Amino acid sequence: MYFVANWKMFGDLRTLNSLDKVIKFSKTNKKNKLKIVYCPPNTLIRPLSKRLKKTKIEVGAQNCHHSYDYGAYTGQVNSKMLKNVGAKYVILGHSENRQLGETDNLINLKIKNAIKSGLKIIFCIGETLKERRDKKTNQVLKRQIEKGLKSIKNKSKIIIAYEPVWSIGTGVIPKEKSLIQTISFIKSRFIKKYPKILYGGSVNTNNSHKLKKIRNIDGFLIGGASHNPKKFIDIIQKTIN
Ligand code: PGA
């Protein structure tokens, strides 16, 4: 079971001290299947990966530039650079970046080059509220998967994060039945071995007992509630036990 913390644009060097609780928890928890991944801002990848060196907790980034090669791209960081400072994962296709103009084709290029750099991909997909109301959820997810993963044969490095846009940061989560159906729809898009599927969007300590019932899920991508180590541990405990 994956628990991926997406810190977004939050956190500084002092924030890292608060992780000691999670480190302690991860050491005492003997469930081998528990996978914790922290995706802090790029500025914290190196110090965080040093701090987590003797633990099973891994580090990821939240986005990267699409170019595999270095180049004149002011302010950008590519997947090789992220790997070099300790990232093992990168979140790609997050709706907050799609809203800034990131297209399916660009995400596809990012995914291919990040795999080439040796990173695992947390590939975000999800429909907007309007698309859901227009009953286009499956159509949108199908397009995002097909275009985003176009000509990627080996999908072993891909983890899909289903994040309905209307659920991110709103406190609203999909109904149990609808979430189970959507996850199995996503899984049905993959003929052989399907990738792992995570759910993301307002996962918190109050709804994790409901999310626990979603049996076809492989974990969670957690934004706001992941900043607080106590809450993060609480969510993990409520969903794995
Ligand atoms: P949230 O964010 O948990 O704060 O809704 C999730 C995400 O955007 O990945």
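Computed from a predicted model, the values in this text were never measured in an experiment.

Summarise the site of the ligand; cite the residues concerned and give the values.
Around the ligand lies a shell formed by Asn6, Lys8, His94, Glu163, Ile168, Gly169, Gly201, Ser202, Leu221, Ile222, Gly223 and Gly224. Gly169 has a polar backbone atom sitting 2.7 Å from an oxygen atom of the ligand. Alone, the ligand offers 280 Å² of accessible surface; in the complex the protein occludes 94% of this. Residues belonging to the shell around the ligand are distributed by class as follows: three nonpolar, seven polar and two charged.

How would you summarise helix α5 (residues 104-116) if you had to cite specific residues and measurements?
End to end, α5 covers 18 Å across 13 residues, agreeing with the expected 18 Å (1.5 Å per residue, within 8%). Looking at the buried residues of α5, the elements they touch are α3 (79-84), β4 (89-92), α4 (95-98), β5 (120-125), α7 (137-148) and β6 (158-162). Among the residues trailing α5, Gly118 stands out with phi positive, at a value near 95°.

Summarise the sheet that holds strand β2 (residues 35-39); cite the residues concerned and give the values.
Reading around the circumference, β1-β2-β3-β4-β5-β6-β7-β8 is the order of the eight strands in this closed barrel, with parallel pairing throughout. Going across the sheet, the axis of each strand differs from the next one's by a mean of 25°, ignoring polarity. Here five bridges tie strand β1 (residues 2-6) to β2, and the two strands are oriented parallel to one another. Looking at β2, one finds that Val4 is bridged to Val37. The sheet contacts of α5 involve β4, β5 and β6, and relative to β5 the element is tilted by about 165°. In the packing of α7 onto the sheet, contacts are made with β5 and β6, and the angle to β5 comes to roughly 150°.

Explain the packing of aromatic side chains to me, and be specific about the residues and the numbers.
Evaluation of the coordinates by the stated rule reveals four aromatic pairs. For the pair Trp7 and Tyr38, a centre-to-centre distance of 5.5 Å together with 70° between the ring planes defines the contact as edge-to-face. Placement of the pair is Trp7 in the loop between β1 and α1 (20-28) and Tyr38 in strand β2, with a sequence separation of 31 residues. An aromatic cluster is present here, built from Trp7, Tyr38 and Phe232 joined pairwise through their rings. In this structure, Lys80 is placed above the aromatic ring of Tyr68, and the distance from its NZ or CZ to the ring centre is 4.2 Å. The cationic tip of Lys80 hangs over the ring face of Tyr70; the distance from NZ or CZ to the ring centre is 4.5 Å.

Just give me the short version of a positive patch on the surface, but keep the residues and values in it.
Together, Lys27, Arg46, Lys50, Lys53 and Lys54 make up a region of like positive charge exposed at the surface. By secondary structure assignment, the location of Lys50 is in helix α2 (residues 45-51).

Quick rundown of the pattern of salt bridges? Include the residues and the values.
Counted according to the given criterion, the structure contains 13 salt bridges. Lys8 is paired through a salt bridge with Glu96; the nearest N and O atoms lie 2.8 Å apart. Pair noted here: Lys8 is in the loop between β1 and α1 and Glu96 is in helix α4, with a separation of 88 residues, a long-range link. Judged by its relative accessible area of 35%, Glu96 is partly exposed. Among the salt bridges present, the one from Lys142 reaches Glu146, with a minimum N-O distance of 3.5 Å. Residue Lys142 and its partner Glu146 are located together in helix α7, separated by four residues, close to a single helical turn.

Account for the pairing of strand β7 (residues 196-200), naming residues and giving values.
When you tally the buried positions in β7, you get four out of five residues, the bulk of the element. Where β6 and β7 come together, four bridges link them in parallel fashion. Looking across to β7, one finds that Tyr162 is bridged to Tyr199. In this structure, β7 lies alongside strand β8 (residues 219-222), joined through two bridges in parallel fashion. Note on β8: the bridge partner recorded for Tyr199 is Phe220.

The rules behind these values
Residues numbered from 1 in each chain as written. Predicted model: local features only at pLDDT ≥ 70, side-chain atom pairs only at ≥ 80, totals over all residues. Heavy atoms only, no water. Near = heavy atom within 4 Å. Polar contact = N/O pair within 3.5 Å; in protein donor to acceptor, adjacent residues only side chain to side chain. Areas by Shrake-Rupley, 256 points an atom, 1.4 Å probe, with all protein chains shown as cover. Nonpolar A, V, L, I, M, F, W, Y, C, P; charged D, E, K, R; others polar. Helix = DSSP H or I, 4+ residues; strand = E, 2+ residues; numbered from the N terminus. Expected span 1.5 Å × (residues − 1). Contact = heavy atoms within 4.5 Å. Pairing = 2+ DSSP bridges. Axes fitted to C-alpha atoms, helices over the stretch in contact; angles between N-to-C directions. Phe/Tyr/Trp six-rings, centres within 6.5 Å; stacked < 30°, edge-to-face > 60°. Lys NZ or Arg CZ within 6 Å of the ring centre and 35° of its normal. Patch = residues over 30% accessible without salt bridge, like charges linked within 9 Å, V, L, I, M, F, W, Y side chains within 5 Å. Salt bridge = Lys/Arg side-chain N within 4 Å of Asp/Glu carboxyl O. Lys, Arg positive; Asp, Glu negative; His and termini not counted. Charge placed at Lys NZ, Arg CZ, Asp CG, Glu CD. Buried < 20%, exposed > 50% of the residue type's maximum accessible area, 1.4 Å probe, protein only.

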